[in-house]
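# Structural features, examined
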Amino acid sequence: MTAPAPKALYRIPEAMRLLSLSRSVIYELVRSGRLRTVKEGRSRLVPHSAITEYVTLLEQESMRGVAA
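As a starting point, this report considers the structure included with it. (Residues numbered from 1 in each chain as written. Predicted model: local features only at pLDDT ≥ 70, side-chain atom pairs only at ≥ 80, totals over all residues. Heavy atoms only, no water.)

### Here's the deal with unusual backbone geometry
Even without being a glycine, Ser20 presents a positive backbone phi close to 55°. Structurally, Ser20 is set in the loop between helix 1 (12-19) and helix 2 (23-32). Looking at Ser20, the relative accessible area reads 63%, which means it is exposed. (Helix = DSSP H or I, 4+ residues; strand = E, 2+ residues; numbered from the N terminus. Buried < 20%, exposed > 50% of the residue type's maximum accessible area, 1.4 Å probe, protein only.)

### Section: helix 1
Within the sequence span of helix 1, burial applies to Ile12, Ala15 and Leu19. Down the axis of helix 1, the buried set is contained in an arc of 60°. They therefore lie on one face. Immediately downstream of helix 1, the backbone of Ser20 shows phi near 55°, a positive value. (Arc of directions from axis to C-beta.)

### Description of the nonpolar core
Core analysis: the largest hydrophobic core is formed by twelve residues, namely Tyr10, Ile12, Ala15, Leu19, Ile26, Leu29, Val30, Leu35, Val46, Ala50, Ile51 and Tyr54. Those elements that place two or more of their residues in this core are helix 1, helix 2 and helix 3 (48-67). If near-sequence neighbours (up to four positions away) are discounted, Leu35 is found in contact with Leu19, Ile26, Leu29, Val30, Val46, Ala50, Ile51 and Tyr54. (Core = buried A, V, L, I, M, F, W, Y, C linked by side-chain atoms within 4.5 Å. Contact = heavy atoms within 4.5 Å.)

### With respect to the sheet that holds strand 3 (residues 43-47)
Strands sit in the order 1-3-2 across an open sheet of three strands; the sheet is antiparallel. The open sheet terminates on both sides in strands that have one partner only, identified here as strand 1 (9-11) and strand 2 (38-40). Sheet twist, expressed as the mean angle between neighbouring strand axes with direction ignored, is 45°. Contacting strand 1 and strand 3, helix 1 crosses the sheet at an angle of about 100° to strand 1. (Pairing = 2+ DSSP bridges. Axes fitted to C-alpha atoms, helices over the stretch in contact; angles between N-to-C directions.)

Honestly, that's just the spatial picture; any functional story needs more than this.
Spelled out as structure tokens, the structure:
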């Protein structure tokens, strides 16, 4: 059985589950520019690529911390 393909856009509650973060932390990341979102009508959506970029950013920051 294969895993389903990732969605292109996630609603905030879905992004919360994917990243294991609270709603307030997600919105703080959005405000600070660390997590990119798009708006469709009144909905704020998180692109799959933005989630991947955020995880990569965390990995890079973690590696810098180890090297320092």
